[in-house]
Number of protein chains: 2
Amino acid sequence: MKLCVLGSTGSIGRQTLDVVRSDKDITVTALAALKNIDMITKQIREFRPQICCIYDEEKAAELVKRIENGLIPEAEDMKVVSGMDGLIECAVYPETDTVLVSVVGMIGIKPTIEAIKAGKNICQANKEPIVCAGHIIMPLAKEHGVRFTPVDSEHSAIYQCLAGEKGNKIDKIYLTCSGGPFRGKTLDELKNIKPEDALKHPSWNMGAKITIDSSTLVNKGLEVIEAHYLFDVPADDIIVAVQPGSIVHSMVQFEDGAIKAQLGAPDMRVPIAYALRNEKRAEFNGKKTLSLNDMAEIRFMEPDTETFKGLKLGIDACRTEGSVTTVYNAANEECVAAFLSGKIGYTDIADGIEACMKAHKNIPSPSLEEIFEAEKEARAFIRNKYKL
Amino acid sequence: MKLCVLGSTGSIGRQTLDVVRSDKDITVTALAALKNIDMITKQIREFRPQICCIYDEEKAAELVKRIENGLIPEAEDMKVVSGMDGLIECAVYPETDTVLVSVVGMIGIKPTIEAIKAGKNICQANKEPIVCAGHIIMPLAKEHGVRFTPVDSEHSAIYQCLAGEKGNKIDKIYLTCSGGPFRGKTLDELKNIKPEDALKHPSWNMGAKITIDSSTLVNKGLEVIEAHYLFDVPADDIIVAVQPGSIVHSMVQFEDGAIKAQLGAPDMRVPIAYALRNEKRAEFNGKKTLSLNDMAEIRFMEPDTETFKGLKLGIDACRTEGSVTTVYNAANEECVAAFLSGKIGYTDIADGIEACMKAHKNIPSPSLEEIFEAEKEARAFIRNKYKL
């Protein structure tokens, strides 16, 4: 396999390269990062891609200078590109057959679409393309006959449960959810949460934005929308199930009433490798396994969508479909950034999303232009509402 | 599909016919029963098989008389056979393509083998052929290229978890177990258990013998051996996990550490239909589904193999392989019959099996003749030990 990793310096990107390291059948053809040129220099030395994108123009120029000065001899024949054009050039690079998309945010939409059009198989870790443009991307992947495999832990679990079930109708998806660090708190208690409170509880090693999203359950709202498009299941058949401990990664119920679940210790390399290796499993260095004791007590409960209305709003957006899913995502991004910089309170996040969704005039099947228009509108709405 | 049901008047047989009733693609070509000719008369009228075996010679003659007297007009062209020869004639009947084996005990060994040799696909609900002759049957099924699908709830769960996992190595099987009605009791408390105590706790609708086996955990020991042969997994990689409530029907752990589980409400029609329909699922009349509340608390724990040594003995037999698995099964059958008729105590069952296994000189890869020899020897040993 000839692999392009878009977002190679992030958490998923680095773990992807860790999987590649133990698999001789995978060659890295292209790497792309936002701006961390020190880290990508190391990756270039080890994996020797043919093309590399640094999204940030200045940082890209800096990398070019390093190469010209002979500081990275391994990169002598490597092409350096930058910006959205560069990202897309990486995504459609002819030598590549598979693109792992692990950039963060809506930035991944266009490269994902262009990669599909170029016939690349997609391993998708980037939520926003599906959340905002799932109605465009999923039919496109089908049309071009490319494999489209989710990398997210929950969606990979569902995908794994669906292996060998071709033609068997999905009755329900149980999308599991840890409940976040503030499960059990009242709305009043949530109001006083400071960024530092929210950031000290990550159960997986992830960035600040997604840590906040996990605590507000907006992350789960985004995942409901993602599951809806990925598996073509109506919003009302996707049941969010709180499972504290997060060892059950998700479940699928079929029409005969049988349920399949996928469980495991938290290790993102499992879904990454499952996606990369086309459903073939293999052992890892330092493989993590669950013991019977780890499974001693598995509890499931309904989420508290009244206190954590960010989740309810996501389910609403999923039910409505259209540009509102983009509005849900973009309003959340703006609110979380404002919360992290201390400009708004914790519960203002969900309040902001709610107000923004209410104000938005939904477009049922938006074009890419309409999606980015809805994004702008949502961001402007939040900035205006909270005087940011 | 043209189906033969061996054991059509038992619990699995009747539920099989219930599945057939809602599936227009399945025709019943052959039925076989031990001796319940009233029930099979109804089944003949409804499903119109071409051949019918009544194992009991006298009852078979009675059925023939009924037909001759014009009492079953639907059976005018139906052939009636009896005994082991008749059972085998049903199993290899040319019009049949699939044989569901749901007879009870070692009686199913020869018909299973002959059906495989005749190229029939097998849906196996009868444990003993695998327990006693798994080393003969599994390679034979492979050699003849027939599908061999387990119908047992746990083994079907494992089989379902393995769908879509071709080529992926099994790391461990978690064979789940309710723990039986006497879980938590001490050995002294077990000593006083009477047949009526053991018979009032069936969690599935099943016969007296299997109800006792479920309570002593010998049933689980037999299932360990079955899983060993069905899935070619070493005894030490089959972990018996007590899951009170029995909603998790079993789990498979793969070499990447991922676990797949199959869950559901107890409904034997699910594994029966999954086997019959070649892994295609469909809705049932009165389908049973689990709610989130049913899954509110799923606990797993290790079995108490010191108190319930019948399980430990089964695992030992599995580890040893050979004629000892037949001895384990036959000694148990004799002991359970003696317990049910009030001749021995509850803990004498496991003690009897243990003594019998100790006395047996194991034959590593026994022939059919040696298997039936080992059976005789075990039965004689128990009768002699307990002066039955």
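The preceding data block contains the structure.
The following refers to the structure shown. (Residues numbered from 1 in each chain as written. Chains lettered and ligands numbered in written order. Predicted model: local features only at pLDDT ≥ 70, side-chain atom pairs only at ≥ 80, totals over all residues. Heavy atoms only, no water.)

**Comments concerning the overall build of chain A**
Across its full length, chain A carries 16 helices and 12 strands. The C-alpha atoms of chain A give a radius of gyration of 21 Å, which matches the 21 Å a tight globule of 388 residues would have. For chain A, the C-alpha atoms occupy an extent of roughly 60 × 50 × 40 Å along the three principal directions. When the 388 residues of chain A are sorted by exposure, 58% land in the buried category. Within chain A, counting contacts between residues at least 6 apart in sequence, those at least 24 apart form 71% of the total. Accessible surface for chain A amounts to roughly 15500 Å². Of this, 48% is attributable to carbon and sulfur atoms. Charged side chains of chain A number 47 positive and 56 negative; the gap between the two group centres comes to 2 Å. (Helix = DSSP H or I, 4+ residues; strand = E, 2+ residues; numbered from the N terminus. Rg over C-alpha atoms; globule rule 2.2 N^0.38 Å. Buried < 20%, exposed > 50% of the residue type's maximum accessible area, 1.4 Å probe, protein only. Contact = heavy atoms within 4.5 Å. Areas by Shrake-Rupley, 256 points an atom, 1.4 Å probe, with all protein chains shown as cover. Lys, Arg positive; Asp, Glu negative; His and termini not counted. Charge placed at Lys NZ, Arg CZ, Asp CG, Glu CD.)

**Concerning the pattern of salt bridges**
For the structure shown, the criterion picks out 63 salt bridges over all chains. In this structure, Arg 281 of chain B and Glu 165 of chain A form a salt bridge, with 2.8 Å as the shortest nitrogen-oxygen distance. On the criterion of chain membership, the pair formed by Arg 281 of chain B in the loop between helix 12 (269-276) and strand 12 (297-299) and Glu 165 of chain A in the loop between helix 7 (153-162) and strand 8 (170-177) is interchain, its members lying in two chains. Of the two residues examined, Arg 281 of chain B and Glu 165 of chain A, each falls in the buried class. Salt-bridge contacts for Glu 334 of chain A lead to Arg 379 of chain A; the nearest nitrogen and oxygen are separated by 3.0 Å. A residue pair is termed long-range when its members are at least 10 positions apart, and Glu 334 of chain A in helix 14 (residues 324-340) and Arg 379 of chain A in helix 16 (residues 368-385) qualify at 45 residues. Residues Glu 334 of chain A and Arg 379 of chain A agree in their burial class; the two are buried. It is possible to trace a salt-bridge network through shared partners that takes in Asp 18, Arg 21, Glu 46, Asp 267 and Arg 269 of chain A. (Salt bridge = Lys/Arg side-chain N within 4 Å of Asp/Glu carboxyl O.)

**Observations concerning the relation of the copies chain A and chain B**
Here chain A sits on chain B after a turn of 180° about the axis and a move of 0.0 Å along it, with an RMSD of 0.0 Å. Interpreted geometrically, this transformation is the action of a two-fold axis. Judged by C-alpha distance, Gly 164 of chain A is the residue of chain A that lies nearest the rotation axis, at 1.9 Å. A shared interface surface links the copies, since 98% of the contact residues of chain A are contact residues in chain B too. (Least-squares fit on C-alpha atoms with pLDDT ≥ 70 in both.)

**As for the sheet that holds strand 8 (residues 170-177) of chain B**
Strand pairing within a sheet occurs via backbone hydrogen bonds; the two strands may be parallel or antiparallel. One open sheet holds the eight strands; their spatial order is 9(A)-8(A)-10(A)-11(A)-11(B)-10(B)-8(B)-9(B), and the pairing between them is mixed. Among the strands making up the open sheet, the edge pair consists of strand 9 (238-242) of chain A together with strand 9 (238-242) of chain B. Adjacent strand axes in the sheet meet at a mean angle of 20°, parallel and antiparallel pairs treated alike. Judged from the five bridges that link them, strand 8 of chain B and strand 9 of chain B form a sheet pairing that is parallel. Counted as the bridge partner of Cys 177 of chain B is Val 242 of chain B from strand 9 of chain B. (Pairing = 2+ DSSP bridges. Axes fitted to C-alpha atoms, helices over the stretch in contact; angles between N-to-C directions.)

**What to know about the interface of chain A and chain B**
Contacts between the two partners involve 47 residues from chain A and, on the opposite side, 46 residues from chain B. At the boundary of chain A with chain B, total buried surface from both sides reaches about 3700 Å², with 52% on carbon and sulfur atoms. For the chain A face of the interface with chain B, the top three residues by lost area are Asp 256, Arg 281 and Leu 292 of chain A, together amounting to 20%. Across the contact surface, chain A and chain B share six salt bridges. Between the two partners, chain A and chain B, sit 22 residue pairs in polar contact (both at pLDDT 80 or more). Elements supplying a minimum of two residues to the side of chain A that touches chain B: helix 7, strand 8, strand 9, strand 10 (248-254), strand 11 (259-263), helix 12 (269-276) and strand 12 (297-299) of chain A. Ranked by the residues each element gives to the side of chain A that touches chain B, the list is headed by strand 11 of chain A, at five residues. Of the residues contributing to the side of chain A that touches chain B, the split by class is 23 nonpolar, nine polar and 15 charged. Where strand 12 of chain A and strand 12 of chain B come together, three bridges link them in antiparallel fashion. (Buried area = accessible area lost by both parts, 1.4 Å probe. Polar contact = N/O pair within 3.5 Å; in protein donor to acceptor, adjacent residues only side chain to side chain. Nonpolar A, V, L, I, M, F, W, Y, C, P; charged D, E, K, R; others polar.)

**Digging into the side chain of Arg 269 of chain B**
Residues and elements named next belong to chain B. One can find Arg 269 in helix 12. What makes Arg 269 buried here is its relative accessible area of 11%. A polar side-chain atom of Arg 269 sits 3.4 Å from a polar atom in the side chain of Asp 18. Discounting chain neighbours no more than four positions away, the residues touching Arg 269 are Gln 15, Asp 18, Val 19, Phe 284, Asn 285, Gly 286 and Lys 287.

**A few points about the packing of aromatic side chains**
Residue and element names in this part refer to chain A. Throughout the structure, instances matching the rule amount to six aromatic pairs over all chains. A centroid spacing of 6.4 Å and a plane angle of 85° characterise the contact between Tyr 159 and Tyr 274, whose relative ring orientation is edge-to-face. One end of the pair, Tyr 159, is in helix 7; the other, Tyr 274, is in helix 12, and 115 residues separate them in sequence. Each member of the pair, Tyr 159 as well as Tyr 274, carries the same accessibility label: buried. An aromatic cluster is present here, built from Phe 182, Phe 339 and Tyr 346 joined pairwise through their rings. (Phe/Tyr/Trp six-rings, centres within 6.5 Å; stacked < 30°, edge-to-face > 60°.)

**A short note on the packing of helix 5 (residues 109-117) of chain A against helix 16 of chain A**
Residues and elements named next belong to chain A. Contact geometry for helix 5 and helix 16: axes closest at 12 Å, N-to-C directions at 165°. Compared by their axis directions, helix 5 and helix 16 come out roughly antiparallel. Where helix 5 crosses over helix 16, the two elements pack in a sense that is right-handed. In contact with Ile 109, Lys 110 and Ile 113 of helix 5, helix 16 contributes Leu 368, Ile 371 and Phe 372. Among the residues forming the contact of helix 5 with helix 16, the class breakdown is five nonpolar, no polar and one charged. (Parallel < 35°, antiparallel > 145°, perpendicular 65-115°, else oblique. Left-handed = near helix turned anticlockwise from the far one by under 90°.)

**Things to note about the packing of helix 14 of chain A against helix 16 of chain A**
Helix packing geometry: the angle between the two helix axes and the distance between the axes. All names here are of chain A. Close contact between helix 14 and helix 16 brings their axes to 8 Å; oriented N to C, the two are set at 40°. The angle between helix 14 and helix 16 places the two elements in the oblique class. Classified by chirality, the crossing of helix 16 by helix 14 is right-handed. Residues Thr 326, Val 327, Ala 330, Ala 331, Glu 333, Glu 334 and Cys 335 of helix 14 touch helix 16, and the partners they reach there are Ile 371, Ala 374, Glu 375, Ala 378, Arg 379, Ile 382 and Arg 383. When the residues that make up the contact of helix 14 with helix 16 are grouped by side-chain class, the tally is eight nonpolar, one polar and five charged.

**Examining the sheet that holds strand 5 (residues 98-101) of chain A**
All names here are of chain A. Read from one edge of the open sheet, seven strands run 4-3-2-1-5-6-7, paired in parallel fashion. Edge positions in the sheet fall to strand 4 (79-82) and strand 7 (148-150), since each of these pairs with one other strand and no more. For this sheet, the mean angle separating the axes of adjacent strands, direction not counted, is 20°. Note: strand 3 (residues 51-54) against strand 4, four bridges, orientation parallel. Pairing of Cys 53 across the sheet is with Val 81, part of strand 4. The strands touched by helix 3 (residues 57-68) within the sheet are strand 3 and strand 4, with strand 4 carrying the most contacts at an inclination of about 165°.

**Re a negative patch on the surface**
Residues and elements named next belong to chain A. Taken together, the side chains of Glu 369, Glu 370, Glu 373 and Glu 377 present a region of like negative charge at the surface. Position of Glu 373 relative to the elements: it lies in helix 16. The class of Glu 373 is partly exposed, set by a relative accessible area of 48%. (Patch = residues over 30% accessible without salt bridge, like charges linked within 9 Å, V, L, I, M, F, W, Y side chains within 5 Å.)

**Considerations on helix 3 (residues 57-68) of chain B**
Residue and element names in this part refer to chain B. Across its 12 residues, helix 3 extends 16 Å between first and last C-alpha, which sits within 8% of the 16 Å expected from 1.5 Å per residue. Among the residues of helix 3, Ala 60, Leu 63 and Ile 67 are the ones counted as buried. In an axial view of helix 3, the angular spread of the buried residues amounts to 60°, which keeps them on one side of the axis. Opposite the buried face of helix 3, by more than 90 degrees, sit the exposed residues Glu 58, Lys 65 and Glu 68. Buried residues along helix 3 sit in contact with helix 2 (37-47), strand 3 (51-54) and strand 4 (79-82). Gly 70 sits one or two positions beyond helix 3 and adopts a positive phi of about 75°. (Expected span 1.5 Å × (residues − 1). Arc of directions from axis to C-beta.)

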